[in-house]
Amino acid sequence: MASTQAASIPAGMENFTVGLIGMGDMGRMYAEKLSEAGWRFCLFLKKNIEILRNGHLVSRASDYIIYSVEAAFIDRVIAQYGPSTKMGAIVGGQTSCKSPEIAAFEAHLPSDVYILSCHSLHGPGVDPKGQPLVLIQHRAPDEALHKVEAVLSCLQSKFVYLTAKEHDRITADTQAVTHAAFLSMGKAWHANEQYPWELSRYIGGLENVKMNIMLRIYSQKWHVYAGLAILNPEARDQVAQYAKSVTELYKLMLEGNLEGLKARIYAARDKVFFGPSKTWANRPLLEASILTSFSLGTLTAETPARPNNHLSLLAMVDCWAELGIVPYDHMLCSTPLFRLRLGVTEHLFRNTEMLDETLRTATEDKRYRSDDLEFTFAARGWAECVTLGHFETWEKRFVSTQEFFQPRFADAKKVGDEMMKKVQASMDENLKLDEK
Ligand SMILES: NC(=O)C1=CN([C@@H]2O[C@H](COP(=O)(O)OP(=O)(O)OC[C@H]3O[C@@H](n4cnc5c(N)ncnc54)[C@H](OP(=O)(O)O)[C@@H]3O)[C@@H](O)[C@H]2O)C=CC1
Ligand SMILES: O=C(O)C(=O)Cc1ccc(O)cc1
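Residues numbered from 1 in each chain as written. Chains lettered and ligands numbered in written order. Predicted model: local features only at pLDDT ≥ 70, side-chain atom pairs only at ≥ 80, totals over all residues. Heavy atoms only, no water.

By the naming in an unreviewed UniProt entry, the protein is Prephenate dehydrogenase [NADP(+)], taken from Trichoderma gamsii. Taken from UniProt, the Catalytic activity (unreviewed entry) comment for the protein reads in full: "prephenate + NADP(+) = 3-(4-hydroxyphenyl)pyruvate + CO2 + NADPH". What UniProt states about the protein under its Pathway (unreviewed entry) heading is, verbatim, "Amino-acid biosynthesis; L-tyrosine biosynthesis; (4-hydroxyphenyl)pyruvate from prephenate (NADP(+) route): step 1/1." (UniProt positions renumbered as here; feature names shortened; annotations may be inferred.)

This is the structure:
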C-alpha cells in the first residue's frame, strides 16, 4: 500500500484507495501515473507476495479497483477476486473488449458495488497525455463517475463517455479491419521468407509506413490483438469481410480485369471517403514528408522505388464500404496507431493518379502475384481463426511471425514513435482548424 497523499488529491478523497489487479504493461503504466500523482494505491503481483498477498486483499482494501489482465482471463480473475470487493467500492477493467468484461462483473460482483469501466486507447509505450480514455458508467451513480475522473485525471487523457456496446462497436470499426490488414501483411512476408526492407520493391513512400506499422503490431503481446478480434462479436464479422474483400479483389487482379477493379474501388472510395457522413479533413492525416522521411531500407539508383498494388489497403476500404463503416466517425475515439493506419490508406485514396497507377499495377504487373497470393491466404487464415474463436492457433500464428521479425523491432519503434508524433501534431492542427 502506498504513498503520501499529494496536494492534487481532491478534498474528501484523502483516504481513497485505488487497487490494481494485473501488473503487466498497462497495469504498470497506471501504477506509475497514480504514484506520481500521489494517490494511495495497492496492487497485487501474481508472483510477488510482498506487495499484497492476493487479489482478495486488494479487493477488500480498495475503494476503486481496476483489473488490467488478459481479456480471455477476465471472467476467471473476477470470479476469483470480485466477491471480496468492499461494499460501495467502484470496479472497472482495462480490457480492450467490454462485453465479456461487463458480463463477468455482472456475474461475479456483489450487487452493492459499482461498475465503471475504462479503456486507454493507446499502447503502454505511448504518453497517455491527450489520448482518448473511454469511461463506461455501467452501474454507477454520477458521484462514482466523478471519483473515477478525479483519479484518472492524472493520466491527462481525454475522457470519452460511452456505453459498453458503443465502445465495442467503435473499437471494432477502428481496429479490427486495420489489424487484420497489417497482421496479414506480416504473415505474407514471413511465408515468403522476405524481410521487406531488403527488397527494393518495398522501399520508399507508403511502404515505409506500412512496414513500420506491421512491425509495431508484431512487437506487441499476442493476446492483446487476439482478444480484440476474437472476443468482440462486432469484430468477427469485420475480419471475415476483410478476408472476403481481399479474395475478391485478388481474383479481379488475376483476371486482369482493370475496369471491374476500378469500378469496385472507386465505388468503395466514394462511399467511405465522400459519403454523407464525416469525411477526411482538408489536410491529410499523413504529410507526404512523413512517408518519405522514415525508412527502414535504402533505395539505390539501380533499384528505384516501384509502384505496388497495395492489395492490403484497397481491401481495407472495400471492406469498410461493404460494411457501411466510415472511419472518420470515430476519430475522437481512435488510437494513435489507428490514425497512422488510416493515414496510409487515406494517402493512397486522396491521390487519384496514384490510385490509378496502383490499379494498373494490380492488373498488369505480375511480379507481386506470389506476395499477394500469400497475403490472401494470410487474411483468410486470420479470419478462420477468429470465426472459430481459436486463441491457441491465433497465438501460434502470431508468435511464429513475431519471432521472424524480432530483430527489427527496436529500430521500428524509434521510427514509429517519431511518425506517431507527427501524425498527432497533424491531427491536433486539423482539430484546431475544425474548431475555427
Ligand atoms: N497493450 C496494449 O496496447 C493495451 C492493452 N489493453 C488491455 O489491457 C489488458 C492488459 O494488457 P497488457 O498490460 O498489455 O498485458 P500484459 O500481458 O502485459 O499484462 C496482463 C497482466 O495480468 C496479469 N494477470 C493475469 N492473471 C492474473 C491474476 N489471476 N491475478 C493477477 N494478475 C493476473 C498477468 O500476470 P502474469 O504475467 O504473471 O501472468 C500480467 O501481468 C488487456 O486486457 C489488454 O487487452 C488496453 C489498452 C492497450
Ligand atoms: O493497435 C492499436 O490501434 C493500438 O494503438 C494499440 C492498442 C491495442 C489495444 C488496445 O486496447 C488499445 C490500443
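**Student:** In this structure, what is going on with the packing of aromatic side chains? I would like to understand it.
**Tutor:** Aromatic rings considered in pairs are described by the distance between their centres and by the relative angle of their planes. The tally for this structure, following the rule as stated, stands at 14 aromatic pairs. Ring centres of Tyr67 and Phe105 lie 6.2 Å apart, and the angle between their planes is 55 degrees; on these two criteria the pair is classed as tilted. Of this pair, Tyr67 sits in strand β3 (residues 64-67) while Phe105 sits in helix α4 (residues 98-108), and the two are 38 residues apart along the sequence. Centre to centre, the rings of Phe159 and Tyr161 are 6.3 Å apart; their planes meet at 50 degrees, and the pair counts as tilted. By way of ring pairs, the aromatic residues Tyr195, Tyr218, Tyr225, Trp382, Trp394, Phe398, Phe404 and Phe405 are connected into one cluster. (Phe/Tyr/Trp six-rings, centres within 6.5 Å; stacked < 30°, edge-to-face > 60°. Helix = DSSP H or I, 4+ residues; strand = E, 2+ residues; numbered from the N terminus.)

**Student:** When you look at the environment of Ala191 in this model, what are you seeing that I'm missing?
**Tutor:** Tracing the sequence through the fold places Ala191 in helix α6 (residues 164-191). For the pair formed by Ala191 and Ala71, sequence separation is 120 residues and the distance between their alpha carbons is 29 Å.

**Student:** Looking at this structure, I do not really get the site of ligand 1. What am I missing?
**Tutor:** Near ligand 1 you find 26 residues, and of these Met26, Val69, Ser96, Lys221 and His223 are the closest. Met26 places a polar main-chain atom, nitrogen or oxygen, 2.8 Å from an oxygen atom of ligand 1. Between an oxygen atom of ligand 1 and a side-chain N or O atom of His223, the distance comes to 2.8 Å. Considered on its own, ligand 1 offers 900 Å² of accessible surface; in the complex 87% of this is hidden by protein. Along the lines of polarity and charge, the residues of the shell around ligand 1 split into nine nonpolar, twelve polar and five charged. Two domains each provide a minimum of three residues to the shell around ligand 1, namely domain 1 (2-162) and domain 2 (169-431). (Near = heavy atom within 4 Å. Polar contact = N/O pair within 3.5 Å; in protein donor to acceptor, adjacent residues only side chain to side chain. Areas by Shrake-Rupley, 256 points an atom, 1.4 Å probe, with all protein chains shown as cover. Nonpolar A, V, L, I, M, F, W, Y, C, P; charged D, E, K, R; others polar. Domains from an automatic or database assignment.)

**Student:** Please clarify how the nonpolar core should be interpreted in this entry.
**Tutor:** A general trend in soluble globular proteins is that nonpolar side chains are found buried together. Counting 83 residues, the largest nonpolar core has Phe182, Tyr242, Leu314, Trp320, Leu340 and Trp394 as the members making the most contacts within it. With ten residues, α6 is the largest single contributor of residues to this core. Excluding anything up to four places from it in sequence, Leu340 contacts Val209, Ile213, Leu286, Met419, Met420 and Val423. (Core = buried A, V, L, I, M, F, W, Y, C linked by side-chain atoms within 4.5 Å. Buried < 20%, exposed > 50% of the residue type's maximum accessible area, 1.4 Å probe, protein only. Contact = heavy atoms within 4.5 Å.)

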